[in-house]
Amino acid sequence: HGDIIPDLREKVDQAMESVGMAATAVHCFLPCLAMASKEASSLRVNERMGALRAIVHSVYLVWSQTDYYHEPVNFTRLMALVANDVLACAQACVKSDIFQDRKKGLSEICVSMDICAQFRGTYVNKKKEADAEDERRFLQDRQEFQATLPN
């Protein structure tokens, strides 16, 4: 039993380090969310796109650098938080009663829809990169495993 405790302690330390890294990484992209949601309708399109790209790239970095977010449940939770903030940002753009001033309402709805479309497009592009990274990791893990097998 003496061999189990050091191994267990090492695994617990690795898990704690991974969770700590994940929390730090998530904390780093919170300012991007704040920028994207802060009066999103008043930001120019390129500013909004920059904020959305920063958010999606930060999510990608968090995912790629931690084992914690490679678990589908954890990654889904993270993406739900991010998506909810993006939706809140989009909803905040619709300030007027869309039936009172149809022209202004339509303009606000267009900005809101544009935010969602920009986020989706940015996410899809980054997902392709993540899928390639996942495939590379899978092949590398398989090669390492095969190297451990006896000939």
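Preceding block: the structure.
Residues numbered from 1 in each chain as written. Predicted model: local features only at pLDDT ≥ 70, side-chain atom pairs only at ≥ 80, totals over all residues. Heavy atoms only, no water.

(A) Quick look at the packing of helix 4 (residues 72-92) against helix 5 (residues 102-148). The N-to-C vectors of helix 4 and helix 5 enclose an angle of 150 degrees; their axes lie 8 Å apart at closest approach. It follows that helix 4 is roughly antiparallel to helix 5 by the angle criterion. Seen along the crossing, helix 4 lies across helix 5 with a hand that is right-handed. Contact residues: Phe 75, Met 79, Val 82, Val 86, Leu 87, Cys 89, Ala 90 and Gln 91 in helix 4; Ser 112, Ile 115, Cys 116, Phe 119 and Tyr 123 in helix 5. Residues that form the contact of helix 4 with helix 5 fall into these classes: eleven nonpolar, two polar and no charged. (Axes fitted to C-alpha atoms, helices over the stretch in contact; angles between N-to-C directions. Helix = DSSP H or I, 4+ residues; strand = E, 2+ residues; numbered from the N terminus. Parallel < 35°, antiparallel > 145°, perpendicular 65-115°, else oblique. Left-handed = near helix turned anticlockwise from the far one by under 90°. Contact = heavy atoms within 4.5 Å. Nonpolar A, V, L, I, M, F, W, Y, C, P; charged D, E, K, R; others polar.)

(B) Summary view of the environment of Glu 133. Among the secondary structure elements, Glu 133 is positioned in helix 5. For Glu 133, a relative accessible area of 16% translates into the label buried. Sequence separation of Glu 133 and Ser 64 is 69 residues, and the distance between their C-alpha atoms is 8.2 Å. Ignoring sequence-local partners within four residues, the contact set of Glu 133 consists of Tyr 60 and Trp 63. In this structure the side chain of Glu 133 is engaged in a polar contact, spanning 2.8 Å, whose partner is the side chain of Arg 136. (Buried < 20%, exposed > 50% of the residue type's maximum accessible area, 1.4 Å probe, protein only. Polar contact = N/O pair within 3.5 Å; in protein donor to acceptor, adjacent residues only side chain to side chain.)

(C) The layout of surface pockets, seen in detail. When its volume is computed, the largest pocket comes out at roughly 240 Å³. In terms of lining, the largest pocket is formed by 15 residues, of which the most central are Trp 63, Phe 75, Tyr 123, Lys 127 and Ala 130. Mapped onto the lining of the largest pocket, the elements with two or more residues apiece are helix 3 (45-65), helix 4 and helix 5. It is helix 5 that provides the largest number of residues to the lining of the largest pocket, a total of six residues. Across the lining of the largest pocket, the residue classes break down as nine nonpolar, one polar and five charged. (1 Å grid on protein atoms, 1.4 Å probe; cavity = no way out; pocket = protein on both sides within 12 Å on 5 of 7 lines; lining within 4 Å. Points joined across faces, edges and corners; volume = space filled by probe spheres on them.)

(D) Quick peek at the packing of aromatic side chains. As enumerated under the stated definition, the model contains one aromatic pair in all. Their ring planes at 35 degrees and their centres at 5.9 Å tell us that Tyr 60 and Trp 63 sit as a pair that is tilted. Highlighted residues: Tyr 60 and Trp 63, both in helix 3, separated by three residues, approximately one helical turn. The same class applies to Tyr 60 and to Trp 63, which are both buried. The ring of Tyr 60 has Lys 126 sitting right over it, with the charged end atom 5.0 Å from the ring centre. Lying over the aromatic face of Trp 63, Arg 137 brings its terminal NZ or CZ to 5.9 Å of the ring centre. (Phe/Tyr/Trp six-rings, centres within 6.5 Å; stacked < 30°, edge-to-face > 60°. Lys NZ or Arg CZ within 6 Å of the ring centre and 35° of its normal.)

Any functional reading would require information that these geometric values do not contain.
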